[in-house]
8 protein chains.
Amino acid sequence: MSPESLKKLLVDVREGRINPDDALERLANLPYENLNYARIDHHRELRTGFPEVIMGVGKTPDQIEQIAARILARGSNLIVTRTDEEVFNRISEVNAATEYHREARMITALQDRTERGDGVIAVVSAGTSDIPVAEEAAVTATAMGNQVNRIYDVGVAGIHRLLDARDDLRSARVVVVVAGMEGALPSVVGGLVSAPVIAVPTSIGYGASFGGVAALLGMLNSCASNVTVVNIDNGFGAGFVASLINRKRR
Amino acid sequence: MSPESLKKLLVDVREGRINPDDALERLANLPYENLNYARIDHHRELRTGFPEVIMGVGKTPDQIEQIAARILARGSNLIVTRTDEEVFNRISEVNAATEYHREARMITALQDRTERGDGVIAVVSAGTSDIPVAEEAAVTATAMGNQVNRIYDVGVAGIHRLLDARDDLRSARVVVVVAGMEGALPSVVGGLVSAPVIAVPTSIGYGASFGGVAALLGMLNSCASNVTVVNIDNGFGAGFVASLINRKRR
Amino acid sequence: MSPESLKKLLVDVREGRINPDDALERLANLPYENLNYARIDHHRELRTGFPEVIMGVGKTPDQIEQIAARILARGSNLIVTRTDEEVFNRISEVNAATEYHREARMITALQDRTERGDGVIAVVSAGTSDIPVAEEAAVTATAMGNQVNRIYDVGVAGIHRLLDARDDLRSARVVVVVAGMEGALPSVVGGLVSAPVIAVPTSIGYGASFGGVAALLGMLNSCASNVTVVNIDNGFGAGFVASLINRKRR
Amino acid sequence: MSPESLKKLLVDVREGRINPDDALERLANLPYENLNYARIDHHRELRTGFPEVIMGVGKTPDQIEQIAARILARGSNLIVTRTDEEVFNRISEVNAATEYHREARMITALQDRTERGDGVIAVVSAGTSDIPVAEEAAVTATAMGNQVNRIYDVGVAGIHRLLDARDDLRSARVVVVVAGMEGALPSVVGGLVSAPVIAVPTSIGYGASFGGVAALLGMLNSCASNVTVVNIDNGFGAGFVASLINRKRR
Amino acid sequence: MSPESLKKLLVDVREGRINPDDALERLANLPYENLNYARIDHHRELRTGFPEVIMGVGKTPDQIEQIAARILARGSNLIVTRTDEEVFNRISEVNAATEYHREARMITALQDRTERGDGVIAVVSAGTSDIPVAEEAAVTATAMGNQVNRIYDVGVAGIHRLLDARDDLRSARVVVVVAGMEGALPSVVGGLVSAPVIAVPTSIGYGASFGGVAALLGMLNSCASNVTVVNIDNGFGAGFVASLINRKRR
Amino acid sequence: MSPESLKKLLVDVREGRINPDDALERLANLPYENLNYARIDHHRELRTGFPEVIMGVGKTPDQIEQIAARILARGSNLIVTRTDEEVFNRISEVNAATEYHREARMITALQDRTERGDGVIAVVSAGTSDIPVAEEAAVTATAMGNQVNRIYDVGVAGIHRLLDARDDLRSARVVVVVAGMEGALPSVVGGLVSAPVIAVPTSIGYGASFGGVAALLGMLNSCASNVTVVNIDNGFGAGFVASLINRKRR
Amino acid sequence: MSPESLKKLLVDVREGRINPDDALERLANLPYENLNYARIDHHRELRTGFPEVIMGVGKTPDQIEQIAARILARGSNLIVTRTDEEVFNRISEVNAATEYHREARMITALQDRTERGDGVIAVVSAGTSDIPVAEEAAVTATAMGNQVNRIYDVGVAGIHRLLDARDDLRSARVVVVVAGMEGALPSVVGGLVSAPVIAVPTSIGYGASFGGVAALLGMLNSCASNVTVVNIDNGFGAGFVASLINRKRR
Amino acid sequence: MSPESLKKLLVDVREGRINPDDALERLANLPYENLNYARIDHHRELRTGFPEVIMGVGKTPDQIEQIAARILARGSNLIVTRTDEEVFNRISEVNAATEYHREARMITALQDRTERGDGVIAVVSAGTSDIPVAEEAAVTATAMGNQVNRIYDVGVAGIHRLLDARDDLRSARVVVVVAGMEGALPSVVGGLVSAPVIAVPTSIGYGASFGGVAALLGMLNSCASNVTVVNIDNGFGAGFVASLINRKRR
């Protein structure tokens, strides 16, 4: 509730257009639906620029389906992460535009396809095994109205493969870099570009990779100053923030 | 070395304006100065939008002074982090514009004061003890040509203090959030704004804060999707990335 | 064995009502049953205010059934945690009042339904996925004779959902707050209420949540002074302590 | 700001006693003082039952003195933790009732000595070296209007010392247990009493005690159901929560 | 090869009873059998007082069977740990005296039943779930020729159950204490007895027990001076060392 | 691209044999094939002495088969690690020389059997359970053209077994030592030989072995100066580096 | 209080020799002195075979002096660990037999020099830097009435130095092995002897030794079955348990 | 003692040239000097190719001086690591060739300057602050008779600085790479060269670098197959192994 609308409400009260009890209720009448097990936040779209995204893990298919139905009913775009084909089949019956992205393990249903991004978002992966996480970032950014340029399998041990992609990297407005094992790629990319780099550690590796901790620490200690980091395997978060950075300015 | 200049070099070779040996040398003649203990990267400014910043820790005062002198000699802006008054005194003899920022423990000497930012960068701190790190972010962003709005001591255990600053937060193009202890502030701020949030964990706390690890983990696991994270106490990095995000677009 | 009963025993010995050997045996005759693999502590009810609770994990169905039968035979209330439907079916044949709580994965059989609590215990969850642990707390508190108010899915990234529940929170005598991921909710709740807050970290999350460690550390480092913490996923413990705090005073 | 006062404000607006702009300002005029580096929360006393406590670490003596002066000026009780004699000397010039508690490293200035507790709070320490943390709990509880019973050096390796104190333990309404090394004492005490036990791990120990982590983990995994835990060395927090639990009921 | 036998070998060489080449070979001809994937150490019995024990995990049933057959063929006692019924069935065909201990998951075949222990070894468990590890210790000690006294489910949260067993504890020459969760039991037992206590942490617990780490750290930091520790779940090692300590002296 | 070939390219441009645009393209035309999900680095053989090795984990059978086919088509040797029999069956249809190494879980197809090593590489394992990792090292070294001497099950608790192998150890040019649990073997071997020792921790163990971390730390802290370490279970890496060290010199 | 004395007390009550109130008090009158900050346990000597040992760290010189005086006044032997020369000077004025052991940083005052050990206790150190901890074990064992054989600087990287000491090792009844860095020595010693081995990790090392954690983990994972472990740098504990094991049997 | 000399000894015994008792003593008379606190291993030079190196930390100046004197007296080369100028002054009085290397904090005294290396050892550092550790490697390698090529401050965030050094890197027979922070440099170097790469993590960094752990993990998880790792800050070990690899072959 913005200051303007609060001011307007107060004026309405003074003018007698609204009585105090109604005003009180309106202040309390918050813009979310309570399903008991979940409170869907329909105002998030106004507040943060994108509707609530459904994180699939830890929710039953029933719960996901019901939340999705309500989001779709409002004409918003739908994004479900960390989900599977069974859930997709349910939702695709509700909305024909629903797509399943196998590698990314995501469902999207885009009812509003406005182009919201200014430039290109580059999504870079160090190895073949990092691609599912990279796809989560790429699909998210696409669903949020951005152009995405995928540059995969350009790990630092074969540096010429990366240098070869220098032009693509330099022309991006934001770069998402996805890497497991030692997580060195964001530092090298960070030194090559002037755009912000969002580093995503993946759980790819074994032994002392500790499920992505080695990559995470590598990225947090990056000697490139333009690198920020998200959680291990959080391709969605990287794609989301990249979209915010790339948003058209008024 | 861009494709255009490479093309031009090759054309010059064909036209006989440059002979192959000279071309070879030019390709090898890289744009940095080698002081033996340090290779100053003068082209970084072209490549990444800002000259090399000197991280003071681990360098002798002599080394810092020499590197600083060379950066200043090229007319670039100077930023030294994690330094002290002794080093400041040395450099201020070289350049009269040099300033010392006591809380941030930084030196800046700004020879180019172009406004580079589009909007405002908000720098938020959870507690009084987090202010030195917040100042590192704020001084960095200012030195890189941005307007900065400081909002300090608005930790989550007194949520009304934060809500009170909602308008300032919402009008920022990027928000840097600095917090120690449980590191919860970025999640709450992240839910209030639609801009990207850069979270900086600090080493403030005791016992199970483990020198900032608790705050770091809290931020990496933020339930707000618009949060990315930098290293513990890395105010500089947060200010740097915030500046890149806020940069004016052509 | 209280000082009073010891005094009485000694008087009985002096009066010759009990001879020393019998007294010695009585002192040794401790109030538990030894099933070899388990020693059921029937005096715990007198000593700590509630009969022994059966933690289901690590015990065979046979063992649980036998221990349960003995507790029920004494007319005490029965609580089994971390169990399943198979065990429920066995016990429900012994006692018709037995209930299975699916989300909480608990069995209760209440033979004594005395109201023991003074006020209301609020049980709050950050997300939908945290509900099973919250239910463990809520079912425990109910079984121990308390009124419980459930407030679910009010995570800090949508702070207005929580603020909306402020009145319910403020009227509770104790608040149990269940949260995974960054575990920030107890700090915010702690700042809103004057009651003690019992924080329960959950293992919900991925990557750097480390199975609940991030949430646990967040809660231990809470900047709100009224927060104490129990083990990861220990909804039972939180419900138990909340019941002790809420107990009617003589 | 309570619903009642909001209602009253709205009625005042309708009645024309307050115009909308003033109402708007009043809603924004939050009950804290902004010293720039700190926002003192004077309404906390109403909201949480006790004025803001000053955590000394990480603040300059000047800052502590100024914050203290403002709290004292409002007639509230003052508690400063983790501080030293120098700060005490400054504050004792402002207020004659100021006391310094050397072992606890705390300053208190009690302007309101109302008895607020119902029963007795027992503060128990495992070893001699744990006493400073135990004193922090005891001084806090005393300053908050409670009767405190200190039971020190009753570690589990000499169990008869603890059993000897059984009556004192059983007559307490809350028990704070402070222990370093293996942190086993809360589990044993928890089994002896029916009151809630607040366990405080200390950093006492060496080698694999990891600065209190061993004790912390021991307490989180306590097999006694009535134990909750606070941060390592957080005697203040334990004393604070114990005071809330022991508060007289209306 | 002892100094005496070396001396004898050298004398034999001088006397011409053995020629240098044969002596060389004999020195090299070490007392183990090389199965390529395993070198069975038949002299261990002489050297360390007990034949090589087969750790079942990480070996194929074939490998275990072959190693067992060779040990049995020499008339030695056989102990296999961390194994299963399938392996038992194979070995019991080779040797009729073979027994399977289900809870301990061990196989023993005792061809030599000499009593080797002097006193009694007490094996104590904190909870019902710790019994499998306690049984591993008890079966090992029995197989090595000792009398064992099992005292199970005497965790510290019901201290009277433990105190009740005081006489049994005090009459033991060594006490093995097995506990998960907070691992406090060895400290309490250590304070009650004058014998050495061997503490075995178990992986029983959840959340912050970290698979036994909490118990392990608790035991390493025990405030009782007579406690030493073995690896998590290493009941075998505890039973083995207890047997060495209890060995009859010449 | 070496300086010589760059020089030659530039000369060709000057002589008009190549026009600038073609030269530009040639500089960009890098020596790898892009399969989209993988960029096969065919020049690695020239650059690092051995063709790209396929790490099987995290790739689909289809992906492995396609990458393998391309490597084989160039006449290079093929090594696939961490794979299984299903993949072997596919590749063996493409190339008859394909072998499956069951214990090592590797596939090799050697089209070039040049002897590249100078001396012998010893591969030593501490226990029977460490053999799969040791085999990964041994198969790798063999495939890279070396003679390998396997010395298995010579753990430090039976030191005479190791001393017995002293001559074999001393005649090796490099020693790979594979050990789990406490990882002590490399230190002892390191003291016996003058060659470099490559230590490979394995995940063999339980409890406080933490999946190989105990062995890894033991090796990193080796008091023998000639020991370097690779990742947990990284037999391949050890065999690879041993091959580089043993390479014939020109 | 033994069953016999309890029986006698009860008989005395019956016979009228003691009235119930006095008996009650006597039961409560426990055999320790309460100095408020410490409860000195004078019965420990009867109960555990040795008087209470004073751990110097965390106690003030005053406290140590007072506790020491009381122990000496009862004619018991005195051991103070982790102390310094200042404390020694104070105590030596009280008792002339007081000695200061500089390397071990211990004070002993032996008023009873009975030989209590049966055999010899070997104390072995891996390196020169481990000697202070080894001395703590050796001084403790000597003070408790044992013969001690010191074998220092026999680390595993020079295995012949250790093998040379084989006879001394084999003739010991208990072996204490002190090692930092990789902590491998106990495993090798464990394989050479049939006696129990008590392993003491030290904090000697750097980097990934993590203050002794690497050595601790190495020892807990020892492949020798006769090894138990105490806390990092806990020479005292090792010497204490070794003394218990070596005690003469009745 | 080699098989040959053992054979010879046995022959001498048979021939009567040596009697069995003398032979026994000779077998026992091991080639080290026992200073009680240290056993200097004079045969190490024969056994491992270089005399014992003195690690300065944890030894008193007296101890270092005495051990050094004995090593020098035998005409061997002396290397002391982690030492200081005070120790240097003492030793330089004993031997005029003694040098102090300030950055590396090492002392060397080279009495034998034979060139032992075949090719060049490159020592590479990522940053200016890593130079002390790099110097430890370089000084060690030089003292062991190798040519060293130092390439400093070529961190991955300015990749062109590294690529510029490609020729130097490719002509080295071994490359030592020293890096703190994210430790990414060895992976990039590893992809550029065909020689073995020895990676040295340094403790340079802050926050989540955890004293070098981030760099260590990065290196252990390197995606370049030719990388092995030594302990944090262990420049000496890296220089030592590099020397072994580079040794001239017979």
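As shown above, the structure is provided for reference.
Report follows, based on the coordinates. Computed from a predicted structure; not experimentally measured.

## A look at the packing of aromatic side chains
Describing an aromatic ring pair means giving the distance of the ring centres and the angle of the ring planes. Evaluated as defined, the whole model comprises 16 aromatic pairs over all chains. An angle of 55 degrees between the planes, with centres 5.7 Å apart, marks the rings of Phe236 of chain B and Phe240 of chain B as tilted. With a gap of 4 residues between them, Phe236 of chain B and Phe240 of chain B both fall in helix H11 (residues 235-246), about one helical turn apart. Judged by its relative accessible area of 6%, Phe240 of chain B is buried. One cation-aromatic arrangement involves Arg82 of chain C over Tyr206 of chain E; the distance from NZ or CZ to the ring centre is 3.8 Å.

## What to know about the relation of the copies chain B and chain A
Superposition of the two copies of the chain requires a rotation about an axis and a shift along the axis. Taken as rigid bodies, chain B and chain A are interconverted by a rotation of 180 degrees and an axial shift of 0.0 Å, the fit giving an RMSD of 0.1 Å. One copy is carried onto the other by what is essentially a two-fold rotation axis. Proximity to the rotation axis, assessed at the C-alpha, singles out Val229 of chain B in chain B; its C-alpha lies 2.5 Å from the axis. With an isologous cut-off of 70% or more, the 100% of interface residues of chain B that recur at the interface of chain A puts this contact in the isologous class.

## Structural notes on the sheet that holds strand S4 (residues 78-81) of chain A
All names here are of chain A. Here 4 strands make up an open sheet; going across it, the order is S3-S4-S6-S5 and the pairing mixed. Each edge of the sheet is formed by a strand with only one pairing partner; in this case those strands are strand S3 (54-55) and strand S5 (98-101). Where S5 meets strand S6 (residues 106-109), 4 bridges bridge the pair, whose relative direction is antiparallel. Residue pairing across strands places His101 opposite Met106, the latter belonging to S6.

## Considering the interface of chain B and chain A
Taken together, the contact between chain B and chain A spans 36 residues of the former and 36 residues of the latter. Interface area for chain B against chain A, summed over the two sides, is near 2,900 Å², with a carbon-plus-sulfur share of 54%. Run the count over chain B and chain A and you get 2 salt bridges. Note that Arg249 of chain A and Asp118 of chain B form a salt bridge whose closest N and O atoms lie 3.1 Å from each other. Inspection of the region where chain B meets chain A yields 12 residue pairs in polar contact (both at pLDDT 80 or more). For the side of chain B that touches chain A, the class distribution of residues is 16 nonpolar, 12 polar and 8 charged.

## Quick notes on unusual backbone geometry
Within the chain, Met181 of chain D stands out as a residue other than glycine whose phi angle is a positive 50 degrees. Residue position: Met181 of chain D is located in the loop between strand S9 (174-179) and helix H9 (185-192). Take Met181 of chain D: its relative accessible area is 25%, and that puts it in the partly exposed class. One non-glycine residue, Arg105 of chain E, lies in positive phi territory at about 55 degrees. Tracing the chain through its elements places Arg105 of chain E in the loop between strand S5 (98-101) and strand S6 (106-109).

## Focus: the packing of helix H4 (residues 61-73) of chain B against helix H5 (residues 85-94) of chain B
Residues and elements named next belong to chain B. Two elements in contact, H4 and H5, have axes separated by 10 Å at closest approach and are oriented at 30 degrees. Accordingly, the angle class assigned to the pair H4 and H5 is roughly parallel. Every pair of crossing elements has a handedness; the one defined by H4 and H5 is right-handed. Contact residues: H4 offers Pro61, Asp62, Ile64, Glu65, Ala68 and Leu72, while H5 offers Glu86, Val87, Arg90, Ile91 and Val94. Tallied by class, the residues present in the contact of H4 with H5 amount to 7 nonpolar, no polar and 4 charged.

## Section: the relation of the copies chain E and chain C
When chain E is fitted onto chain C, the two copies agree to an RMSD of 0.1 Å after a turn of 91 degrees and an axial shift of 0.0 Å. Such a combination of turn and shift is consistent with a four-fold rotation axis. When each C-alpha of chain E is compared by its distance to the rotation axis, Phe210 of chain E comes out closest, at 7.3 Å.

## Let's talk about the interface of chain E and chain C
On the side of chain C, 23 residues touch chain E, which itself brings 16 residues to the contact. On the chain E side of the contact with chain C, His160, Arg161 and Tyr206 of chain E bury the most area, a combined 40% of that side's loss. The interface formed by chain E and chain C holds 0 salt bridges in total. Our count for the contact surface shared by chain E and chain C stands at 4 residue pairs in polar contact (both at pLDDT 80 or more). When the residues that make up the side of chain E that touches chain C are grouped by side-chain class, the tally is 8 nonpolar, 5 polar and 3 charged.

## Focus: the pattern of salt bridges
Inspection of every chain in the model, using the stated rule, returns 78 salt bridges over all chains. Arg17 of chain C is the partner of Asp12 of chain C in a salt bridge, and the nearest nitrogen-oxygen pair spans 2.6 Å. Classification of Asp12 of chain C by relative accessible area gives buried; the value is 8%. Note that Asp62 of chain F is salt-bridged to Arg90 of chain F, the shortest N-O span being 2.7 Å. Of this pair, Asp62 of chain F sits in helix H4 (residues 61-73) while Arg90 of chain F sits in helix H5 (residues 85-94), and the two are 28 residues apart along the sequence.

Calculation notes
- The written sequence of each chain sets the order in which its residues are numbered from 1.
- Chains carry letters from A onward and ligands carry numbers from 1 onward, assigned in written order.
- In keeping with the model being predicted, local features are shown solely for residues with a pLDDT of at least 70 and side-chain atom pairs are shown and tallied solely at 80 or more, while totals for entire chains, interfaces and linings include all residues.
- Hydrogens and water are ignored here; the side-chain numbers use all heavy atoms of the structure.
- Paired rings are identified among Phe, Tyr and Trp, the last through its six-membered ring, by centres lying within 6.5 Å, and are further divided according to the angle between planes into stacked (under 30 degrees), edge-to-face (over 60) and tilted (the rest).
- In this text, helices come from DSSP runs of H or I with a minimum length of four residues, and strands from runs of E with a minimum of two, each type numbered from the N-terminal end.
- Here the term buried applies to any residue with accessible area under 20% of the maximum for its type, exposed to any over 50%, and partly exposed to those in between, with areas from a 1.4 Å probe on protein chains only.
- Lysine NZ or arginine CZ positioned within 6 Å of the ring centre and within 35 degrees of the ring normal marks a charge as sitting over the ring.
- To superpose the copies, least squares is applied to the C-alpha atoms of every residue with a pLDDT of at least 70 in both.
- When checking whether two residues touch, look at their non-hydrogen atoms; a contact exists if any pair is within 4.5 Å.
- Should DSSP find at least two bridges between two strands, the strands are taken to pair.
- Buried surface area refers to the total accessible area, computed with a probe of radius 1.4 Å, that the two partners give up upon joining, counted for both partners together.
- In what follows, salt bridge is the name for a side-chain nitrogen of Lys or Arg lying within 4 Å of a carboxyl oxygen of Asp or Glu.
- By the criterion applied in these results, polar contacts are pairs of N or O atoms within 3.5 Å in which, for protein atoms, one can donate a hydrogen and the other can accept it, and in which residues neighboring in sequence qualify only through two side-chain atoms.
- Classification used: nonpolar for Ala, Val, Leu, Ile, Met, Phe, Trp, Tyr, Cys and Pro, charged for Asp, Glu, Lys and Arg, polar for all others including Gly.
- With axes taken as lines fitted to C-alpha atoms, and helix axes fitted only over the stretch in contact, angles between N-to-C directions fall between 0 and 180 degrees.
- Each angle is binned into one of four classes, with values under 35 degrees roughly parallel, values over 145 roughly antiparallel, values of 65 to 115 roughly perpendicular, and all other values oblique.
- Crossing handedness is read from the near helix: turned anticlockwise from the far helix by less than a right angle, it gives a left-handed crossing, and turned clockwise, a right-handed one.

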